[in-house]
Amino acid sequence: MIRDFGWFEVLSIIQGMGTTLALAAVAFIGGGVFGTAVALARSSAWKWLRIIAAAYIDFFQGTPMLMQLFLVYYGLPVFGIHVSAWTAVAIGLTFHASAFLGEIWRGGIQAVPKGQNEAASALGLGYVSRMRDVVLPQAIKLSFAPTVGFSVQLIKGTSLAAIIGFVELSRSAQIVASTTYKPLLAYGLAGACYFAICFPLSRVSAYYERRLALKT
Amino acid sequence: MATTAEMQHTTASMDAAADPIIQIDNLQKYYAAFHALKNVNLTVRRGERIVICGPSGSGKSTLIRCVNRIEQFESGSIVVDGISLGEGMQNVNAVRAEVGMVFQQFNLFPHLTVLQNCMLAPLRVRGASKKEAQAIAMKYLERVRIPDQASKYPAQLSGGQQQRVAIARALCMTPKIMLFDEPTSALDPEMVKEVLDTMVSLAQEGMTMLCVTHEMGFARSVADRVIFMDAGEIIEEAEPEFFFSQPKNERTRNFLGQILNH
């Protein structure tokens, strides 16, 4: 049965876009929190902590996200941990994003001049305050552009969640294409939706980068 | 606070080693195979002003950076105001809270305003309230005569102003000792004086000061003792009048000849 490309089809693609946004939000929040931890571990004074963090980063940067999602979704039940698709995808995306963000922010942390840490230490500030008040704000600024670049990749990468059953933007377009036999229209609309999410992000980042540069 | 520099000078010399605020014994420091500090011994009395000079690479900066443990050292002991360094981070932070440091490159926090730069340590280390920290910060910004720049960012100030902010930021912790690591070396010549003036007035208030500097005029007028270092060792130490007029060691004479005759 071939359906027409009507409002229902448009709405299901837009609904898919909502799922994509939700997946991206999960990846950002999880990746942001754990990525900070990975970056701090990676630039820690303790050698073994740096090694563990480096191994973590190497593993998740060196394997495809598709495989990581599979590993979590099918791997956890092997250990008797049964997770919903949402939990699995949240864990998978968090692992993936935290490895990449951790490495990007590690670069930012190490690009902050040594004198900043020394001045903060000389004032008697402890590790937490040195990082939170002095180093991280500058590191975030320094790694702003690659962070946004990776985030855009991540939003597009959430399409992989389709393989464990998510009907997100790409999957919804695929379904619409196969029921209407209008693949160009379906995928064109999906592409426009991705662009509508990613393009403003790039613009906003360019704007904030200019503003941050002016401030100091 | 009304005491003149001269009165300070006499009392400081009379106290001779009676009240050491810094006691450095047999300090050894290596950078990999490079022996940066060779068995350095130094006693600093409360209120004493010491100028450390020497050629670059002589270990003078390394020495004062060991005093607040910004630099680690291999062996020897440093006792600052009764607190021994090298016995865990608790002690290190206790010492750092009492010892202010001013760097060659200012090292102000570029993402914070001048006021926030000064408020940070009182807030985080002393546990002051925002209002208290602000009052402390303004007090010391007035002390270095730049309260009107409080809301600016460091990059908007001249080098001399930035260094005065750095001094104010250190003073906000009401330190007992101030360390200066070539505070005027990165400054344009016309800005050196405003920073030195600030340091002189600090000295007049009786602050214990360790200054690594090549400003020999400052050494002559302010220092109680001038120390000459070369190749990781203290070669000579003397009161400025003797240090400059009758240096004993050959290396000191060469060094002074090079920096004074141009």
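For the structure, check the block above.
Residues numbered from 1 in each chain as written. Chains lettered and ligands numbered in written order. Predicted model: local features only at pLDDT ≥ 70, side-chain atom pairs only at ≥ 80, totals over all residues. Heavy atoms only, no water.

(A) Spotlight on the interface of chain A and chain B. Contact with chain A, which involves 18 residues of that partner, is made by 24 residues of chain B. Of the roughly 1800 Å² buried where chain A meets chain B, counting both sides, 63% is carbon and sulfur surface. Residue E118 of chain A is joined to R65 of chain B by a salt bridge in which the shortest nitrogen-to-oxygen separation is 2.7 Å. Linking chain A with chain B are five residue pairs in polar contact (both at pLDDT 80 or more), by the criterion used here. For the side of chain A that touches chain B, the elements supplying multiple residues, two or more each, are α5 (114-122) and α6 (127-142) of chain A. It is α5 of chain A that provides the largest number of residues to the side of chain A that touches chain B, a total of seven residues. Of the residues contributing to the side of chain A that touches chain B, the split by class is seven nonpolar, seven polar and four charged. (Contact = heavy atoms within 4.5 Å. Buried area = accessible area lost by both parts, 1.4 Å probe. Salt bridge = Lys/Arg side-chain N within 4 Å of Asp/Glu carboxyl O. Polar contact = N/O pair within 3.5 Å; in protein donor to acceptor, adjacent residues only side chain to side chain. Helix = DSSP H or I, 4+ residues; strand = E, 2+ residues; numbered from the N terminus. Nonpolar A, V, L, I, M, F, W, Y, C, P; charged D, E, K, R; others polar.)

(B) Spatial organisation of the pairing of strand β3 (residues 49-53) of chain B. Residue and element names in this part refer to chain B. Most of β3 is tucked away, with five of its five residues classed as buried. The two faces of β3 match: R49, V51 and C53 on one face and I50 and I52 on the other face are all buried. Note: β3 against strand β8 (residues 208-212), four bridges, orientation parallel. Pairing of I52 across the sheet is with V212, part of β8. (Buried < 20%, exposed > 50% of the residue type's maximum accessible area, 1.4 Å probe, protein only. Pairing = 2+ DSSP bridges.)

(C) Layout of the sheet that holds strand β1 (residues 20-31) of chain B. Residue and element names in this part refer to chain B. Read from one edge of the open sheet, four strands run β2-β1-β4-β5, paired in antiparallel fashion. Strands with a single pairing partner mark the edges of an open sheet, and in this sheet they are β2 (34-45) and β5 (83-84). Sheet topology note: the β1/β2 ladder contains eight bridges and is antiparallel. Looking at the pairing, L27 lines up with V40 of β2. Helix α2 (residues 60-67) contacts β1, β2 and β4 (75-80) of the sheet and is inclined by roughly 120 degrees relative to β1. (Axes fitted to C-alpha atoms, helices over the stretch in contact; angles between N-to-C directions.)

(D) How the structure looks around a nonpolar patch on the surface. Nonpolar side chains collect at one region of the surface, where L66, F70, Y74 and I163 of chain A lie side by side and expose about 340 Å² of accessible area between them. Assignment of secondary structure puts Y74 of chain A in helix α3 (residues 65-78). (Patch = residues over 30% accessible without salt bridge, like charges linked within 9 Å, V, L, I, M, F, W, Y side chains within 5 Å. Areas by Shrake-Rupley, 256 points an atom, 1.4 Å probe, with all protein chains shown as cover.)

(E) Geometry of the pattern of salt bridges. All chains considered together, the criterion is met by 22 salt bridges over all chains. A salt bridge links D81 of chain B to R46 of chain B; the nearest nitrogen and oxygen atoms lie 2.9 Å apart. Here D81 of chain B is found in the loop between β4 and β5, whereas its partner R46 of chain B is found in the loop between β2 and β3, with 35 residues between them in sequence. For the salt bridge of K60 of chain B with E182 of chain B, the shortest nitrogen-to-oxygen distance reads 3.9 Å. On the criterion of sequence distance, the pair formed by K60 of chain B in helix α2 and E182 of chain B in the loop between β7 (177-181) and α7 (189-204) is long-range, its members being 122 residues apart. Accessibility classification places K60 of chain B together with E182 of chain B in one group, the buried group. Via salt bridges that share partners, K114 and E118 of chain A together with K29, R65 and E71 of chain B belong to a single interconnected network.

(F) Broad picture of the environment of R45 of chain B. Residue and element names in this part refer to chain B. Position of R45 among the secondary structure elements: in strand β2. R45 gets classed as buried once you look at its relative accessible area, which sits at 13%. Each C-alpha atom of the pair R45 and V212 lies 17 Å from the other, and the pair is 167 residues apart in sequence.

(G) Summary view of the packing of aromatic side chains. By the definition in use, this model includes 13 aromatic pairs over all chains. Ring geometry for F59 of chain A against F60 of chain A: centres 4.9 Å apart, planes inclined by 90 degrees, an arrangement best described as edge-to-face. Judged by its relative accessible area of 38%, F59 of chain A is partly exposed. Judged by centre distance (5.0 Å) and plane angle (25 degrees), the ring pair of F60 of chain A and F95 of chain A falls under stacked. Here F60 of chain A, found in helix α2 (residues 47-62), pairs with F95 of chain A, found in helix α4 (residues 85-111); they are 35 residues apart in sequence, far enough to count as distant. Given the relative accessible area of 9%, F60 of chain A is considered buried. These aromatic residues form a ring-pair network of at least three members: Y56, F59, F60 and F95 of chain A. It is R69 of chain B that lies over the ring of F73 of chain B; its NZ or CZ is 5.3 Å from the centre. Of note, R220 of chain B hangs over the ring of F244 of chain B, and the distance from its end group to the ring centre comes to 4.4 Å. (Phe/Tyr/Trp six-rings, centres within 6.5 Å; stacked < 30°, edge-to-face > 60°. Lys NZ or Arg CZ within 6 Å of the ring centre and 35° of its normal.)

Geometric values such as these leave the question of function open.
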